[in-house]
Amino acid sequence: MRIGKYMKKKIIKTCVFGALALCVMTAIFAFSHQTGASSSQVSNKVGKVVLAMLGITVPEGQSASSVVIFWGLTVRSLAHIFLFAVLGITLFLTFNSAFVIKCEKSCRSVFYAAACALIVSLLYAVSDEVHQYFVSGRTASFRDVMIDASGFVCSIVIASAVTLLTLPKGKITEKQNDGQDR
């Protein structure tokens, strides 16, 4: 069986998106694997940079990572949201690209890609918290899973909406059309 040039590009695209998703998962794992003290130091360093860029001063006796920036979110919470938003987008792109290999892009394939990305992101967020439970100085928190979920849900919804808006109007795929012709 010979694979066409167009199909090879689709496969390569799927592999690249999948590799990016794995890189994001690896980064999240690496951050989660830091001890409590190490994690606090990194968060404070990043927090100082972010707060300096925003022109916010750290109140006396408070760590930079615990300063509320907006909507009650701290630098640490925003880091969770950002990392899991990137994970959600890369997983959506991976699944969306994979479903396009199997069949034409349609509303159904976008829905399946979004559902798969949501499920995998949620499972990864839960496994991340379970992993932290076993790391010295860290705890598992349902609140963190919810913060992570806010990142990946928003990014997957936005990516799905953008993808759906780019679909040709009224397009019926061959597989759908085959069932209607009979």
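Scroll up to find the structure.
Here the structure is a predicted model, which is why all the values come from computation and not from measurement.

What counts and what doesn't
Residues numbered from 1 in each chain as written. Predicted model: local features only at pLDDT ≥ 70, side-chain atom pairs only at ≥ 80, totals over all residues. Heavy atoms only, no water. Helix = DSSP H or I, 4+ residues; strand = E, 2+ residues; numbered from the N terminus. Contact = heavy atoms within 4.5 Å. Areas by Shrake-Rupley, 256 points an atom, 1.4 Å probe, with all protein chains shown as cover. Expected span 1.5 Å × (residues − 1). Buried < 20%, exposed > 50% of the residue type's maximum accessible area, 1.4 Å probe, protein only. Polar contact = N/O pair within 3.5 Å; in protein donor to acceptor, adjacent residues only side chain to side chain. Patch = residues over 30% accessible without salt bridge, like charges linked within 9 Å, V, L, I, M, F, W, Y side chains within 5 Å. Salt bridge = Lys/Arg side-chain N within 4 Å of Asp/Glu carboxyl O. Axes fitted to C-alpha atoms, helices over the stretch in contact; angles between N-to-C directions. Parallel < 35°, antiparallel > 145°, perpendicular 65-115°, else oblique. Left-handed = near helix turned anticlockwise from the far one by under 90°.

1. A short note on the overall build of the protein chain
Part 1: When its secondary structure is counted, the protein chain shows six helices and two strands.
Part 2: Going residue by residue from the N terminus, the α and β elements of the protein chain occur as α-α-β-β-α-α-α-α.
Part 3: Sequence-distant contacts in the protein chain: of pairs separated by 6 or more residues, those separated by 24 or more amount to 67%.
Part 4: A total accessible area of about 11500 Å² is found for the protein chain, and carbon and sulfur atoms account for 68% of it.

2. So, helix 4 (residues 107-133)
Part 1: With 27 residues, helix 4 extends 39 Å between its outermost C-alpha atoms, agreeing within 8% with the 39 Å of an ideal straight helix rising 1.5 Å per residue.
Part 2: Within helix 4, burial applies to S109, V110, A113, A114, A117, S121, Y124, A125, D128, E129, H131 and Q132.

3. Some remarks on the side chain of T94
Part 1: Mapped onto the fold, T94 is located in helix 3 (residues 75-102).
Part 2: Of note is the side chain of T94, whose polar atom sits 2.7 Å from the backbone oxygen of T90.
Part 3: Contacts of T94, omitting those with residues within four sequence positions, involve T14, F17, G18 and A21.

4. Some thoughts on a nonpolar patch on the surface
Part 1: Nonpolar side chains collect at one region of the surface, where L122, V126, V130, Y133 and F134 lie side by side and expose about 530 Å² of accessible area between them.
Part 2: Residue placement: L122 occurs in helix 4.

5. Section: the packing of helix 4 against helix 5 (residues 142-165)
Part 1: With their axes 10 Å apart at the nearest point, helix 4 and helix 5 run at an angle of 165 degrees to one another. In terms of orientation, helix 4 and helix 5 fall into the roughly antiparallel class. Seen from above, helix 4 lies across helix 5 with right-handed handedness. Each of C107, V110, A114, A117, L118, S121, L122, A125, V126, D128 and E129 in helix 4 lies in contact with helix 5, whose residues at this interface are D144, V145, D148, F152, V153, I156, S160, T163 and L164.

6. Quick look at helix 1 (residues 5-32)
Part 1: For helix 1, spanning 28 residues, the distance from its first C-alpha to its last is 41 Å, which sits close to the expected 40 Å at 1.5 Å a residue.
Part 2: The complete set of buried residues in helix 1 reads K10, T14, F17, G18, A21, V24, M25, I28 and S32.

7. Some remarks on the environment of D128
Part 1: Relative to the helices and strands, D128 is located in helix 4.
Part 2: The spatial distance from the C-alpha of D128 to the C-alpha of S141 is 9.9 Å, given a sequence separation of 13 residues.
Part 3: Excluding residues within four positions of it along the chain, D128 makes contact with I28, S32, F84 and D148.

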